Amino acid sequence: LTVTHERLALPGLTGTLRLVHVGDLHVERITARERRLNALLAELKPDVIAFSGDFVNLSYRSDARAEADVRAVIGAWSAPYGVYAVPGTPIVEPLPRVQAFVRGLPSIRLLLNQWHTAGTPAGLLHIAGLVTTHDLRVDRAALAGIVQRGPATGGPRLLIAHSPDIAPEAAEAGFDLILCGHTHGGQIVIP
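Once a new chain begins, its residue numbering starts again from 1 and follows that chain's sequence as written. For a predicted model such as this one, the threshold for reporting local features is a pLDDT of at least 70, and the threshold for listing and counting side-chain atom pairs is 80 or more; totals across whole chains, interfaces and linings nevertheless cover every residue. For the side-chain quantities, the full set of heavy atoms in the structure was used; hydrogens and water were omitted.

J.: Would you mind showing me how to read the overall build of the chain here?
T.: Looking only at helices and strands, the chain has five helices and eight strands in total. Our radius of gyration is a C-alpha quantity, and the globule rule it is checked against amounts to 2.2 Å times the number of residues to the power 0.38. Taking 2.2 N^0.38 as the reference for a compact globule, 191 residues should give roughly 16 Å; the C-alpha atoms of the chain span a radius of gyration of 16 Å, in line with that estimate. Along the first, second and third principal axes, the C-alpha atoms of the chain reach 45 × 40 × 40 Å. Each residue gets one of three labels from its accessible area relative to the maximum for its type: buried under 20%, exposed over 50%, partly exposed in between, using a 1.4 Å probe on protein chains only. Within the span of the chain, comprising 191 residues, buried residues form 45% of the whole. Think of it this way: any DSSP run of H or I at least four residues long counts as a helix, any run of E at least two long counts as a strand, and we number them from the N terminus.

Structure below.
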């Protein structure tokens, strides 16, 4: 596990907001890694947590104990202005599986091609969650639908998506911050 700190100035925020992005848990069982993750989240004291999908590992996608362990890990997450999640790779975790992971966990808001506006002391933060399918044609259409239903009020717009393939279109659509997973930190590769 690594923590990378970035300072960003987002238009419309008048103060400091601590956002933590977590991606690609790929839980099989709770180990020292998952315990360390939750300890780090407690230490960081985020105002908002964004999870960009892949709760479970492919070989454990139908494992009942892995589901219980995923729920134990994410059920411990909390942030004053919300914990937001999107599904990961569909073959790894089909939507009904993801819904089972978060069902009954009041601290987790699953955003399925939806918006949520969080009122924070720094201002309004508009958060959209995109369900990516890894079919760019489908993902572009879903993004267009999200943009069309976007909030009318001011404040920065944050997109959470699993696959970064949609990032150019999201930037062009006016998102101020795009948080993606899937590539396990390899979004930018310099030759």
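Continuing now.
J.: Which parts of the structure should I look at to understand the pairing of strand 8 (residues 177-180)?
T.: Each regular strand carries side chains that alternate between the two faces of the sheet. In the sheet, strand 7 (residues 157-161) pairs with strand 8 via four bridges, with the strands oriented parallel. Along strand 8, the bridge assignment pairs L159 with I178. By convention, orient the strands away from the viewer: a clockwise path from the first strand over the helix to the second makes the crossover right-handed. Between strand 7 and its parallel partner strand 8, the chain crosses via helix 5 (residues 167-172), and the hand of that crossover is right-handed. DSSP bridges decide pairing: two strands pair if at least two such bridges lie between them.

J.: Would you mind going over the sheet that holds strand 1 (residues 19-22) with me for this structure?
T.: Strand pairing in a sheet takes place through backbone hydrogen bonds and is either antiparallel or parallel in direction. Strand order in the open sheet formed by four strands is 1-2-3-4, and the pairing between neighbours is parallel. Each edge of the open sheet is held by one strand with a lone partner, namely strand 1 and strand 4 (108-110). Taken pair by pair, the neighbouring strands of this sheet meet at an average axis angle of 20°, ignoring direction. Here three bridges tie strand 3 (residues 83-85) to strand 4, and the two strands are oriented parallel to one another. When the sheet's bridge partners are listed, V83 is paired in strand 4 with I108. Only C-alpha atoms enter the line fits that serve as axes; for helices the fit covers just the stretch in contact. Angles between N-to-C directions range over 0 to 180 degrees.

J.: Explain unusual backbone geometry here, please?
T.: Apart from glycine, the bulk of residues carry a negative phi angle, and the bulk of peptide bonds sit in the trans form. Even without being glycine, K45 reaches a positive phi, approximately 50°. Positive phi, normally seen in glycine, also occurs at H134, with a value near 70°. You can see H134 is positioned in the loop between strand 6 (123-130) and helix 4 (136-148).

J.: Which parts of the structure should I look at to understand the sheet that holds strand 6?
T.: Pairing within the open sheet is mixed, and its four strands lie in the order 5-6-7-8. Strands at the two margins of the open sheet, each flanked by one partner only, are strand 5 (114-120) and strand 8. The sheet shows a mean angle of 20° between the axes of neighbouring strands, taken without regard to direction. Contacts between residues were defined by any pair of non-hydrogen atoms, one from each residue, lying within 4.5 Å. Sheet strands in contact with helix 4 are strand 5, strand 6 and strand 7, and its direction is about 150° off that of strand 6.

J.: Please explain the environment of G104 as it appears in this structure.
T.: Among the secondary structure elements, G104 is positioned in the loop between helix 3 (95-102) and strand 4. With 60 residues separating them in the primary sequence, G104 and P164 have C-alpha atoms 29 Å apart.

J.: Looking at this structure, how should I read helix 1 (residues 32-44)?
T.: Spacing of three or four residues puts side chains on the same side of an α-helix, whose turn is 3.6 residues. To estimate the expected span of a helix, subtract one from its residue number and multiply by 1.5 Å. For helix 1, with 13 residues, the first-to-last C-alpha span of 18 Å sits near the 18 Å given by 1.5 Å per residue. Burial in helix 1 covers these residues: E34, L37, N38, L40, L41 and L44. The arc that holds every buried residue of helix 1, seen down its axis, measures 155°, which confines them to one face. Among the exposed residues of helix 1, those pointing more than 90 degrees away from its buried face are A32, R35, A42 and E43. Just beyond helix 1, the residue with positive phi is K45, at close to 50°. Here the arc refers to the set of directions running from the helix axis out to each C-beta atom.

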